[in-house]
Amino acid sequence: MAELTGPQSGPGSMPPIPASVQLLAVAWLRWRIFVNGMNRKRPKGTRQVAGVVFAILLRLIVWPMLATLVVAPVAGSGFFAWMAISHGHPQRLASLLLGITLLWQFVSINGLSIAATIQSFDPASLVRFPLRFGRYFVLRSLLGLMTPSTIVGCLALLAAAVGICVADASLALPALVVMAVYALMNIYLTRMIGAWMDRWLANRRFREIFSMLMALFAVSIQFLNLHRISTRAPGVRTSWLLNVLHSSGSYLYWLPSGFAAQTILLAKHPLAASVQFAGLLASTALFAAVFAIRLHKQFLGEYLSEGVSRRAQAPSAPRVKAPEPQFAARSASVASGGILSPVVAACLRKEWLILTSNGTQLIGLLTPLIFVVIFSMNRAFSSFSSKYFLPAAIAYVLIAAVSSLYNIFGADGSGVQLYLLAPVRMLDVVLAKNLMSLAIIIVQVTVAWTIICMLARTPIPVSAQISTVFWTIFVVALNLSIGTLRSIQAPRKFVPGQSRSPRGATPTNRTSSLLVLGVLFGTMLLQVPIGYASSYFGVPWLAAWIFGPLAVAAVFAYAFMLRNAERLILAARDVFAEELCKA
Amino acid sequence: MTTPAIDTTALTRRFGDFIAVDNVNLRVEAGQFFGFLGPNGAGKSTTIKMLTGLLAPTSGSIRILGGDLQANSAEIKRQIGVVPEGLALFGRLTADEYLQFVGRMYGLDRATTLSRTRELLEFMQLAGEQKKLITDFSHGMQKKLALAAAVIHGPKVLFLDEPFEGVDAVAAGTLKAMLLRMISRGVTIFLTSHVLEIVERLCTHIAIIHRGRLVAQGSLDELRAGAARIAQAGIQEGGAPPSEEKRSLEQIFLEIVGADREGNPAATAPEQELSWLS
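The numbers attached to residues start from 1 for each chain and follow its sequence in the written order. The naming scheme follows written order: chains are lettered A onward, ligands numbered 1 onward. Given that the model is predicted, a residue must reach a pLDDT of at least 70 before its local features are reported, and side-chain atom pairs must reach 80 or more before they are shown or counted; all residues, however, enter totals for whole chains, interfaces and linings.

It is worth spelling out the nonpolar core at this point. When buried Ala, Val, Leu, Ile, Met, Phe, Trp, Tyr and Cys residues are joined through C-beta atoms within 7 Å, the set is termed a nonpolar core. Put plainly, a residue is buried at 20 or more neighbouring C-beta atoms within 10 Å of its own, exposed at 12 or fewer, and partly exposed in between, counting only other residues' C-beta atoms, which are placed from the backbone. Counting 128 residues, the largest nonpolar core has A:Tyr182, B:Tyr98, B:Leu145, B:Ile189 and B:Phe190 as its most contacted members. With 11 residues, helix H6 (residues 172-201) of chain A is the single largest residue contributor to this core. A pair of residues counts as a contact when their C-beta atoms, built from backbone coordinates, are within 7 Å of each other. Look past the residues within four positions of B:Leu145 in its chain and what remains in contact with it is B:Leu89, B:Ala95, B:Tyr98, B:Met124, B:Leu126, B:Ile134 and B:Phe137. Core analysis: the next-biggest nonpolar cluster, separate from the first, contains 42 residues, A:Leu390, A:Ala448, A:Trp449 and A:Leu515 among them. Helix and strand definitions here come from DSSP, where helices need a minimum of 4 consecutive H or I residues and strands a minimum of 2 consecutive E residues; each element is numbered from the N-terminal end.

Residue and element names in this part refer to chain A. Structurally, valine 443 is set in helix H18 (residues 426-455). Since 13 C-beta atoms lie within 10 Å of it, valine 443 is described here as partly exposed. For valine 443 and phenylalanine 79, which are 364 residues apart along the polypeptide, the C-alpha to C-alpha distance reads 49 Å.

Moving on: the packing of H6(A) against helix H10 (residues 270-300) of chain A. Residues and elements named next belong to chain A. Fitting a line to C-alpha atoms yields each axis, with helices limited to the stretch in contact; the angle taken between N-to-C directions then spans 0 to 180 degrees. Packing of H6 against H10 brings their axes to within 8 Å, and their N-to-C directions diverge by 25 degrees. By the angle between their axes, H6 is roughly parallel relative to H10. At the point where H6 passes H10, the crossing takes the left-handed sense. For the pair H6 and H10, the contacting residues are Val178, Val181, Tyr182, Leu184, Met185, Tyr188, Leu189, Arg191, Met192, Ala195, Trp196 and Arg199 in the first and Leu280, Leu281, Ser283, Thr284, Phe287, Ala288, Val290, Phe291, Arg294 and Leu295 in the second. A class-by-class count of the residues in the contact of H6 with H10 yields 17 nonpolar, two polar and three charged. Should an angle fall under 35 degrees it is taken as roughly parallel, and over 145 as roughly antiparallel, whereas 65 to 115 is taken as roughly perpendicular and any remaining angle as oblique. Handedness of a helix crossing follows the sense of rotation of the near helix relative to the far helix, less than a right angle counterclockwise being left-handed and clockwise being right-handed. Note that Gly is not counted as nonpolar here; it falls among the polar residues with everything else outside the nonpolar set of Ala, Val, Leu, Ile, Met, Phe, Trp, Tyr, Cys and Pro and the charged set of Asp, Glu, Lys and Arg.

Residue and element names in this part refer to chain A. Confidence along chain A averages 78 in pLDDT terms, with 78% of residues attaining 70 or more. pLDDT measures how confident the predictor is about each residue, on a scale from 0 to 100. Of all helices and strands in chain A, the one with the weakest mean pLDDT is helix H12 (residues 325-335) (44), whereas H10 scores best (92). Low pLDDT (under 50) marks residues 308-336, which in the prediction has 22 contacts with non-local residues, meaning those over four places away or in another chain. Throughout residues 499-504 the model reports pLDDT below 50, and contacts reaching past four residues in sequence, or to other chains, amount to 20 contacts.

Let us look at the pairing of strand S10 (residues 205-210) of chain B. Residues and elements named next belong to chain B. With four bridges connecting them, strand S4 (residues 33-37) and S10 associate as parallel partners. Bridge pairing links phenylalanine 34 to histidine 205 in S10. Sheet topology places S10 next to strand S11 (residues 213-219); six bridges connect them, and they run antiparallel. By the bridge assignment, isoleucine 208 is partnered in S11 with alanine 216. Linking S10 back to S11 in an antiparallel pair, the connection comprises two residues, with arginine 211 at a positive phi of about 50 degrees. Any two strands between which DSSP finds at least two bridges are classified as paired.

Laid out in structure tokens, this is it:
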């Protein structure tokens, strides 16, 4: 055994730690986490090919989207700022800056939940080191600057400054200075919102309410029509959005965006510009101060978990919780010779309890149905033939539900050991999980179907309805078979959208993502050529003739898979232990 | 009179209506190997979090090495080392990188950090794993690394929350050897553990917390005497007399905290309970 020879540090004689040492140490930490995240294990053989194909597909889809998301607001800001100054509408500058702030903050808030799942470094964990609060504040201000919202926001402000310079070169210096301070204000506003959101999101109930609000926002924005024409003045056609901007112009001057715009526009009047600039600085300082208050609480030590407070609500004396009467009765009937075996019933009950206790998941199940209502009410969609709209809407509803079939054991984590240890057939476990998924899909599809039938302007032909039934059975049975097989091969939890994150980017997850994309969209898109051929040849029942046999084949394939599930899972026990049960 | 290494006065922490730590007065002298015991949920980890500055107390004061923790947290954190309950390692670093980072955060110069990192990795038998990501370490390896990180700056007080949990016998031997060496050099160690044999063997002084309250504090002999008084009171109320031989820490612990609300020791549950167990 090696000997430790390091000297003991004396408590009284220690010189202060230079700030640069600690700041550089944290910068180095972030750099190493980033570099280590890049050095992933390289897959071999078919997995490598699948990884390369996936990477190419992802780049082809994601890069143009990302480029548009960056270029559009940046170019738009520059152009809008130039136009506002050169065309004599300087008051629109405040609206532009407010728009940039709103977009910046909205993207940041949306990114919070994603960041929480993929972050491998929690900056709050730095409080255990011997840091002074000032340094902690600086670190928390600097960490996370390289987020997409900050980069795009800063570029948009820079483009706006350039646009102002091009329109009036004399405003170049004030524009650049003001935009820099305005960017700082936005950074502290983001930090402030993020820190307080972290505090509130520590509460499960708040998380659920927040998810619901975000879903409601996403839904309500569908009703926003930017091109709706206001007809208040006869003969004058102006967009309601421009009307809102004009009428709210005077209020914007009391916001940071107004202070920033006025500072630039009044640059030739130093006193007035200084007053406006002071307003911008004060708002920046205010956001930084509110952020600092939250950080100081963190720095002194606060407990955000709900565990203890929940325990506090529980009675101190032990008591046996009475089973819920409905379920208890149902379980008893099942155990005494009902349709389902006791194991399947018990597993189903567990899945049901998990589902009903997870508000976010319930919202996720409800959201596609809300969108079906919106699409059905939309004129553009209602003019679309109902025989096409029905299968398209059902396909949309199925996307989320079916993709979850590819990872049925992931949420169990190490709890899957119970299934392997208990004297149960894994077939029963798989069956229970599939039954729960199937029940959810049936409910969702039935509700969506009813909505479409009720809101459709023209009756849906029977042939279209029958073919959609066959197609749905085909898609669900096929995805159940392939999804269950994939769940056995790669049981670790994965989310398709996170396969690029540092934690989720394993070869197995990439292959799973590719498989989900391939099978899901392949089966969905199969409708298009068949539907087209049906119309082209004038044979309304063609789709039903094709999807009918396919549905039967898919059901047989599922039955075949189920017969072999037990053997396959037992053969993959090592994979389960490695991927789910590792301490 | 020497300055105690740890001194708390009326330390209290509430979570809503629940009092996790209630009016705890704790005094640990410098150089003591101090065991902090209690049943699950008694308030041990909450206390250790408060003592290390990770959790603010609702009321009361904490002095570490004579300094007020709330007022001088940066200076005090520099003189303490912590192996927290959740280990709190950065999984995407290698062991080597993690120790270097921790050394720099505690103000060690680059050369000292590198040499201590090398020594600690060798001592903990992690030298061969230094390029592996921490997230791929076993639980025992992570424990050893957490301890290495806690001592890299040569702390005067070391807080260990369940350091032997999930650690194999060989690794536990390494950890014990290191802790005893630190004690011989005057370091104060504050340890919580459910393994009472280890506490009995290592610790010179012990405190027991139960339902948030400190119910006993002193050397093992002082605890024995205290437990004997409790047992004596039990005899007067019709309980069994204590055995004459020197009792183990486990027996003392059970006598102090093992009784339920009705006075039945937890270890002797009524016969009719769990009668279906074969």
